[in-house]
Every structure is written in C-alpha cells, then in structure tokens.
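Structural characterization, general
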Amino acid sequence: MTDDRNPPQADSIITPHDFWTWTAQSSANPFPLDRAEGVFLWDTDGRRSLDFSSTVMCVNIGHGDQRVIRAIQDQAAALPYAGPRMATQVRATLGRRLAKLAPGDLNRFLFTAGGADANENAVKMARAFTGRPKVLARHRSYHGATHGALALTGDSRRKPWEPFLMPGVVHFHGPDRGHAPFAPAGAPTNDDELCRLALAHLEQVVSAEGPETIAAIVLEPVSGANGVAIPPAGYLQGVQALCRRSGILLVLDEVLTGFGRTGRWFACEHWDVAPDLMTLAKGLTSGYAPLGAVAISERIARYFDDHPFVGGLTYSGHPLCLAAALANIDVLEGDGLVARADRLAPGFARRAAALKDGHRSVAAVRAIGLLAAVEMESGPGPRPLWRGLARGLRESGLWVHQHDEMLILAPPLIITEAQLDDGFGRLSTFLDGVDARLVGGRG
Ligand SMILES: Cc1ncc(COP(=O)(O)O)c(C=O)c1O
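Summary of the structure given here. All values derive from a computational prediction rather than experimental measurement.

What follows deals with the sheet that holds strand β3 (residues 48-51). Think of a sheet as strands paired side by side through backbone hydrogen bonds, with each pair either parallel or antiparallel. Judged by pairing direction, the sheet is mixed, and its four strands sit side by side in the order β1-β2-β3-β13 without closing on themselves. A single partner strand is all that each edge strand has here, and the edge strands are β1 (33-37) and β13 (398-399). As paired strands, strand β2 (residues 40-43) and β3 are joined by three bridges and run antiparallel to one another. Bridging across to β3, Trp42 finds its partner in Arg48.

The following block contains the structure:
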C-alpha cells in the first residue's frame, strides 16, 4: 500500500503499522473514517457516504447515538472493569432485560467478546450437555473467523485453514435454491418441495453420521453474508422436530439477524422456533462496544447447575460493553426500531427487487426486514464480474458490504424512505455502469 513513490504522509491515519484483515496488505483499501452520524460516514477528506450495510451489519441503531455514548461514559466513570467472576449491577439489569426479550425459555446468558467466541462456547455447551462429539453446520454459512467458528463456517473463508480446524464438524446443504444439489438453478421447485427436499437431505446426513454422535445442528436462521437465504415455511420447524426426535440441540446463530435486522427482535420469531441455544453479537450493542452472548435455555442451564462449565474469558461481562448493550436495547425499544424495520421492509424489498429487474448483472435478490443480498451474475470472461464491486460503490458515496459475489444491504434501522431512495438510486446507477462495462448493456 505504501512504496517509495507514495511515501506515507506524516499525519495520515493509514500507516505502515496497520495489519488489515481479509486481504493482502498491498491490496488493502481501508475507508479513512473521520466521523459517523446517523446513517452517514465521513472520510478524512470530508466526503459523505451513506452506510448501506450498517458498516458490518451491526450498527442497527445508527451511528453516534448520544444515549449509548453517555451510558458507556457513565459506566466508565462508575466501574470500568469487573472480572468474569464478579457480579455487577449492569450485568444483573442486562440479564433481566435479555431474558424478557429472548424467545422461548432462553433465560441465562454467557457473555463473550463477539460472535465467533459465542458460537464456540455454544458448541462447548452442546457437547458437554449431550456428551456427543459432532456438530452439523450448513454450507453457505458464516460463523466467525476463529478456528472453531471457522470450522462451522460453510464458505470460502474456511478453506485456507483446513484441515487444522476444530474437528467434528459435518456440513449439510440448506434450502438454497440454485446452490444445493437437490435444488439446482432453474429447477421449478416450489417452496414446499424445496423444504421437503432440504429436510430429507438433512435427515440423510443425520442418519449417515449417526444421531447418537451429533451434539448440535448450528445454523443462521437467515444466512447473512452468504446471500440472505430465507428458509421456506416449515424448514426451521422441521429442523427443530428432527433435533428433538434425535436428542440433538438446535443452536441458532442470530449474530447478524438479531436485534431487529429482519423486522423481529430475532429472526427465528418469523417461524416461531425457539432454539436450545442462541448466539448474539453485532446488534446487541450496535457496535458501540464489542460484545457477544450465548443465550441458554432452561434445561441446558439446569445441567450446568451441577456440572462445571469449563470455559471463560477475561472480558466476559465487561461493564462498558454491557452498559452499551443496555442503552442500545433502550434505544431499539424506546424508538420502536424493530417495528420500524418491519414497516420499511416491503418498500425495501420492492426497491431491492427492482435492481434485479433493471440489471442483467444481477442474478438474484433476496430480502427480509432491512436485510438484502444482491447476488451478481458470474458473467462471461476470465475475471469474475463482481470482483471489487464494493470498492467502486464507494466512489458513488455508498458503503456496502461485499462477500464474494454478494452485496449485502443492511442499512441502520433508523433510515428514512428518502435515504432508501437515495441509496438504491446510487446503487442502480452504479449497476448501470457494471451492465454496460461487463455484459454489454441492459437486457
Ligand atoms: C452470522 C454470523 N455469525 C458469527 C459472526 C462472527 O462474529 P464476530 O465477527 O463478532 O466474531 C458473524 C460476523 O459477521 C456473522 O455474520
């Protein structure tokens, strides 16, 4: 990124001492973020971008909310740190609040530093509770970048680290039209049929592995970065029924989908399914402080009444992060942001669908709540069509998260209709250029 021709500026905020994630250092193109407010980001040249992905699908309440900032400041003044074996007022208050919000009888909470370690701790709990070694997870899923969470992950990010990941994970195909062998692209499978085929496939995997060897099935209720795959009606219920029949625990990863993103507090509410364990992060604090959690159901919590949980973290229950979570939940509740996401959802989905109708470069669009994936055609030619899209979008004044051929749209839940029009307008103009450059114009 820096060489002799481009020596780093003494006052630049991008320095040769940085080490960037998910990229070769020479290809890194970090956003020089100066400040952020509401749905907007400003770079150090004063250029404004609309944050159309809540940064990394986490700033659900929007940027710079003074109520959360003040809560963190107040907590810092009162008690900035407590050890993981110490009880604090903020922990007690947050636990009570989460127990009221969480589905089913999820009413105990292990606090972690983020989503990946929440998933790893959920796997530990499932293995300890069942005494079984294996875990089933989906292809086309993401569960975090640490060795255990990557083992669960079903996408390209796992591959460079194989085979030295957490052993015991077996992947299965979800009801992903066009991406599962039982539902190839173009096959006229309706939702009921897709659901039936996906559940039959999962049943086969469980039976082949031996249900008595499987501790848990881990899945995102709606996949995030792998393309917002929305399960057909009956799928999650079917997975839960299979789990119950087989003594397998259902672990739902709501790290990305939790706290209003899909127009419900938790995405599993769309299908009335309460898991045995649920993992949280991102929208739990809207990114104002790093925090994850494992929500534990009653019967599993009871098991650990008499069995030690062998695990812990220096920052489990960090008061600054818990204070951020509490204030963030106050904002989500007080400002009615979950209901707002639900209200905005049809218009959001309509605008997203128009991107596909208007652009040959777009293969598919899926949306739920204020979460959408724009899946790009792989297109002709040696270079994949979609490479570097997010970088180009940045020039259009939009911040959009990209993973492989997917653009993930997930604006803060405070976004207005006019701001949605503006964002989709910019995206559409940008895609006009992609069509013209790479597939020869509109089809
Ligand atoms: C569904 C899901 N699970 C887990 C994670 C990992 O969370 P973290 O990056 O906080 O470890 C992510 C992050 O993007 C995610 O989207």
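To continue, consider the site of the ligand. Within the structure, the ligand sits among Gly114, Gly115, Ala116, Asn119, Tyr142, His143, Gly144, Glu220, Asp253, Val255, Leu256 and Lys282. Gly115 has a polar backbone atom sitting 2.8 Å from an oxygen atom of the ligand. For the ligand, a nitrogen atom lies 2.7 Å from a polar atom in the side chain of Asp253. For the ligand, the protein covers 79% of the area, taking 390 Å² as the surface of the free molecule. If you tally residues by element for the shell around the ligand, the top one is helix α4 (residues 115-130), at three residues. Counted by class, the shell around the ligand contains four nonpolar, five polar and three charged residues.

Because an α-helix completes one turn every 3.6 residues, residues spaced three or four positions apart along the sequence face the same direction. With 12 residues, helix α7 (residues 235-246) should reach 16 Å at 1.5 Å per residue; the first-to-last C-alpha distance of 17 Å fits that figure. Three or more residues of α7 are buried, namely Tyr235, Leu236, Gly238, Val239, Gln240, Leu242, Cys243 and Ser246. Looking at the buried residues of α7, the elements they touch are β5 (134-138), β6 (169-172), α6 (191-209), β7 (214-219) and β8 (249-253). Phi turns positive, to about 70°, at Gly247, one or two residues after α7.

Axes are the key here: two packed helices are described by the angle between their axes and the distance separating the axes. Where helix α2 (residues 66-78) meets helix α9 (residues 319-334), the axes come as close as 8 Å, and the angle between the chain directions of the two elements is 150°. One element, α2, and the other, α9, form an angle in the roughly antiparallel class. At the point where α2 passes α9, the crossing takes the right-handed sense. Of α9, the residues touching α2 (which contributes Arg67, Val68, Ala71, Ile72, Gln75 and Ala76) are Pro319, Leu320, Ala323, Ala324, Ala327, Asn328 and Val331.

Analysis parameters
- Residues numbered from 1 in each chain as written.
- Predicted model: local features only at pLDDT ≥ 70, side-chain atom pairs only at ≥ 80, totals over all residues.
- Heavy atoms only, no water.
- Pairing = 2+ DSSP bridges.
- Helix = DSSP H or I, 4+ residues; strand = E, 2+ residues; numbered from the N terminus.
- Near = heavy atom within 4 Å.
- Polar contact = N/O pair within 3.5 Å; in protein donor to acceptor, adjacent residues only side chain to side chain.
- Areas by Shrake-Rupley, 256 points an atom, 1.4 Å probe, with all protein chains shown as cover.
- Nonpolar A, V, L, I, M, F, W, Y, C, P; charged D, E, K, R; others polar.
- Expected span 1.5 Å × (residues − 1).
- Buried < 20%, exposed > 50% of the residue type's maximum accessible area, 1.4 Å probe, protein only.
- Contact = heavy atoms within 4.5 Å.
- Axes fitted to C-alpha atoms, helices over the stretch in contact; angles between N-to-C directions.
- Parallel < 35°, antiparallel > 145°, perpendicular 65-115°, else oblique.
- Left-handed = near helix turned anticlockwise from the far one by under 90°.

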